Amino acid sequence: MELRDIEIFLTLAEGLHFGRAAERLHVSVAAVSKALKKQERAIGVELFARDSRNVRLTPVGEQLRDDLRQVHQGLTQSLERARMAARGKTGTLRVSLFPVNVQELRRYWETFRARHPQWELRLRMSGYQDPFAQLRKGEVDILVTWLPVEEPDLTVGPLLFAERRVLAVAGDHALTRWSSVSLEAISDFQHVVIESVPGYWFDHFVPKLTPKGRLIDRTANVDNLEEVFMHTVLGEAVTLFPVHVSWYFPRPDVAYLPVKDMDALPYGLVWSSDAENDMIRAFARVVRELGPLPG
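Residues numbered from 1 in each chain as written. Predicted model: local features only at pLDDT ≥ 70, side-chain atom pairs only at ≥ 80, totals over all residues. Heavy atoms only, no water.

*Asks:* How do you make sense of the environment of A284 when you look at a structure like this?
*Replies:* Note that A284 resides in helix α11 (residues 278-290). Classification of A284 by relative accessible area gives buried; the value is 2%. With near-sequence residues (within four places) excluded, A284 lies in contact with P158, L269 and W271. (Helix = DSSP H or I, 4+ residues; strand = E, 2+ residues; numbered from the N terminus. Buried < 20%, exposed > 50% of the residue type's maximum accessible area, 1.4 Å probe, protein only. Contact = heavy atoms within 4.5 Å.)

*Asks:* Explain the sheet that holds strand β6 (residues 154-163) here, please?
*Replies:* Backbone-to-backbone hydrogen bonds pair the strands of a sheet. The strands run either parallel or antiparallel. Spatially, the 5 strands line up as an open sheet ordered β4-β3-β5-β12-β6, and their pairing is mixed. This sheet does not close on itself; its edge strands, each paired only once, are β4 (119-125) and β6. For this sheet the average axis-to-axis angle between neighbouring strands, irrespective of direction, equals 20°. Pairing between β6 and strand β12 (residues 265-272): 7 bridges, direction antiparallel. If you follow L159 over to β12, its bridge partner there is G268. Helix-sheet contacts for helix α5 (residues 106-115) involve β3 (91-97), β4 and β6, and the interaxial angle to β4 is about 160°. (Pairing = 2+ DSSP bridges. Axes fitted to C-alpha atoms, helices over the stretch in contact; angles between N-to-C directions.)

*Asks:* Explain the sheet that holds strand β7 (residues 165-170) here, please?
*Replies:* Across the sheet, 3 strands lie side by side as β10-β7-β11; this open sheet has antiparallel pairing. Both edges of this open sheet fall to β10 (239-242) and β11 (254-258), since each of them pairs with a single strand only. Strand-to-strand twist in this sheet, taken as the mean axis angle between neighbours without regard to direction, amounts to 35°.

*Asks:* It is not clear to me how unusual backbone geometry should be interpreted in this structure. Could you clarify?
*Replies:* A negative phi angle is the norm for most residues apart from glycine, just as the trans form is the norm for most peptide bonds. Residue L147 is joined to P148 through a cis peptide bond whose omega torsion reads 5°. As for its position among the elements, P148 is in the loop between β5 (142-146) and β6. The backbone of L16 shows a phi angle near 50°, a positive value even though the residue is not glycine. Relative to the elements of secondary structure, L16 occurs in the loop between α1 (3-15) and α2 (18-25). Using a relative accessible area of 31% as the deciding quantity, one classes L16 as partly exposed. For H26, which is not a glycine, the phi torsion comes out positive at approximately 60°. Among the structural elements, H26 can be located in the loop between α2 and α3 (29-43).

*Asks:* Would you mind going over the nonpolar core with me for this structure?
*Replies:* In a soluble, globular protein the nonpolar side chains are often hidden away together inside. Formed by 68 residues in total, the largest nonpolar core has its most connected members in L93, L167, F241, L269 and F283. The greatest single-element share of this core, amounting to 6 residues, is contributed by α11. Ignoring any residue separated from it by four or fewer positions in sequence, one finds F241 in contact with R164, R165, V166, A168, F205, L225, V228, F229 and Y256. One finds I6, I8, L10 and L36 within the second-largest nonpolar core, a separate group that totals 19 residues. (Core = buried A, V, L, I, M, F, W, Y, C linked by side-chain atoms within 4.5 Å.)

So this is what it looks like as structure tokens:
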């Protein structure tokens, strides 16, 4: 099995969704399906059981997934070390981000690169599906996310920024007649939810209750930002965001309204305590010395 075939298999095994696997790999759904059929022919057994509604691993598929994870990690790490050595680099710090204001955070990236030219800094956007799993699987070294994070195996580092909140609504939504909104008022509308993440953590992004104890309807389940905007522009949901989203995603079919009774949402660094190393400590030191972005 070639390296690309292993990547396709493991990506599909992780998400159990042909469309999302194709999106992550930047290939067509047909290419994922063709690669899988090739693998199944070579092995002589089905690796996935699939019908019109569900995809799941067969017992042989589960065994292959478990065996290939370490093989794939070792191969990619070896290739990466060889590429870095050719460029005079001794290590790579991988940072995954939930916020999209990468440009505003440039001072941290640039300072780290200037101080530590021996290390490469690689950035990626985080997926919505269990982002802490990236740290636990060793796929990334640092996660930039909203706080608080209360996971016993993870270390919370310095604060990067804290932002006021806005509400995204469809351009023709009834709420657009107001210049700002309150959390109490927007409890009348459906909100998005990410079901695969810790409840306490998502509660800080979209609370369960209003300040007066009214239940907030969080039943529009989403897997990615595109789905968030789809529900929003169709008027099926309203969406709470940090304010930087309104700057980076201006849309003619979306209005952003300031929310006047919510605290600023803080974002900081998080990493696996057992995986802490010199690169992680150096980046955290850069953030502490530069301090958080002005509010």
